[in-house]
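Descriptive analysis of the structure
Take a look at the letters that make up each chain.
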Amino acid sequence: MATPVELQTERLRLRQWCPGDREPFARMGSDPEVMAYFPSLLSREDSDAMADRCQALIQLRGWGFWALETRDGGEFVGFVGLHEPAAELPFSPCVEIGWRLAREAWGRGYATEAASAALDFAFDQLGLAEVVSFTTLENRRSRAVMERLGMRSAADENFEHPAVAVGNPLRPHCLYRLGRDDWRRGSSS
């Protein structure tokens, strides 16, 4: 067991999950716009199970997909963080950075701000050499966040996600990569 790490930015707190996060997280998982690039909406049971897994992994390692809240009002707005994918991907093993925000939190720069803090942690505290991110090809919003973070498309490594059914239009995924040296160069300018 590790001590859960908490990160803060000017406007946001990335923290361990708590029971009060379950209801707003379940609303996110049942929102067709939030889940547009996932194979299905999440039932309340599936949503709670995902939150439990995120919480358990943070308890185990100290880091993971952190619950994301605003600092001024303590409002839960989604999750952002780091994860070691369980699916056997063509570029495994790896650590990915990912996010999912409530629709009401879109367009405020929260994903980029929080992901920047997570990348600082990944490179400075965990000493990772690289972090990846991936999404379905059509997810332009997440791809834009990846690009704002300085991640580079690895188009020659696009892949079919093994956890998405064959024939599903969401199965083709793009891969983005970011190395520690590129992050340091980009974040210091």
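Model, not experiment: these values are computed from the prediction.

Topic: the packing of helix 1 (residues 22-29) against helix 2 (residues 44-61)
Running from N to C, helix 1 and helix 2 cross one another at 120°; their axes reach a closest spacing of 9 Å. One element, helix 1, and the other, helix 2, form an angle in the oblique class. Considering only the axes of helix 1 and helix 2, their crossing is right-handed. Here Arg22, Glu23, Phe25 and Ala26 of helix 1 come into contact with helix 2, specifically with Arg44, Ser47, Asp48, Met50, Ala51, Asp52 and Gln55. Of the residues in the contact of helix 1 with helix 2, the class split is four nonpolar, two polar and five charged.

Section: the pattern of salt bridges
By the definition in use, this model includes 18 salt bridges. Glu6 serves as the salt-bridge partner of Arg13, at 3.3 Å between the closest nitrogen and oxygen. On the basis of relative accessibility, which here comes to 44%, the residue Glu6 falls in the partly exposed class. For Arg11, the salt bridge is made with Glu113, and the minimal N-O distance between the two is 2.6 Å. One end of the pair, Arg11, is in the loop between strand 1 (7-8) and strand 2 (12-15); the other, Glu113, is in helix 3 (residues 110-125), with 102 residues separating them in the sequence. Overlapping salt bridges bring together Glu6, Arg13, Arg15, Asp21 and Glu69 as one network.

Comments concerning the nonpolar core
By size, the foremost hydrophobic cluster in this structure holds 49 residues, and its most contacted members are Trp17, Trp66, Leu82, Ile97 and Trp99. Per-element accounting of this core gives the leading share, 10 residues, to helix 3. If we skip the residues at most four places from it in the chain, Ile97 touches Gly81, Leu82, Ala115, Ala118, Leu119, Val131, Val132, Ser133 and Met151. Among the nonpolar cores identified, the runner-up in size contains eight residues, and Phe91, Ala154, Phe159 and Leu175 belong to it.

Focus on the packing of aromatic side chains
A complete count under the given rule lists 11 aromatic pairs for this structure. Each ring, one from Trp66 and one from Phe121, has its centre 5.7 Å from the other, and the planes form 80°; the classification is edge-to-face. With Trp66 in strand 3 (residues 65-70) and Phe121 in helix 3, this pair connects stretches of sequence that are 55 residues apart. Relative accessible area serves as the criterion here: at 9%, Phe121 is assigned to the buried category. When the centroid spacing of 5.1 Å and the interplanar angle of 75° are considered together, the rings of Phe91 and Phe159 count as edge-to-face. Of this pair, Phe91 sits in the loop between strand 4 (76-83) and strand 5 (96-101) while Phe159 sits in strand 8 (residues 159-160), and the two are 68 residues apart along the sequence. One exposure class covers both Phe91 and Phe159, and it is buried. Aromatic rings pair up to connect Trp17, Phe25, Phe65, Phe76 and Phe79 into one cluster. In this arrangement the basic side chain of Arg61 is found over the ring face of Trp63, its NZ or CZ atom lying 4.1 Å from the centre. A cation sits over an aromatic face here: Arg100 above Phe38, 4.2 Å from the ring centre.

Definitions and cut-offs
Residues numbered from 1 in each chain as written. Predicted model: local features only at pLDDT ≥ 70, side-chain atom pairs only at ≥ 80, totals over all residues. Heavy atoms only, no water. Axes fitted to C-alpha atoms, helices over the stretch in contact; angles between N-to-C directions. Helix = DSSP H or I, 4+ residues; strand = E, 2+ residues; numbered from the N terminus. Parallel < 35°, antiparallel > 145°, perpendicular 65-115°, else oblique. Left-handed = near helix turned anticlockwise from the far one by under 90°. Contact = heavy atoms within 4.5 Å. Nonpolar A, V, L, I, M, F, W, Y, C, P; charged D, E, K, R; others polar. Salt bridge = Lys/Arg side-chain N within 4 Å of Asp/Glu carboxyl O. Buried < 20%, exposed > 50% of the residue type's maximum accessible area, 1.4 Å probe, protein only. Core = buried A, V, L, I, M, F, W, Y, C linked by side-chain atoms within 4.5 Å. Phe/Tyr/Trp six-rings, centres within 6.5 Å; stacked < 30°, edge-to-face > 60°. Lys NZ or Arg CZ within 6 Å of the ring centre and 35° of its normal.

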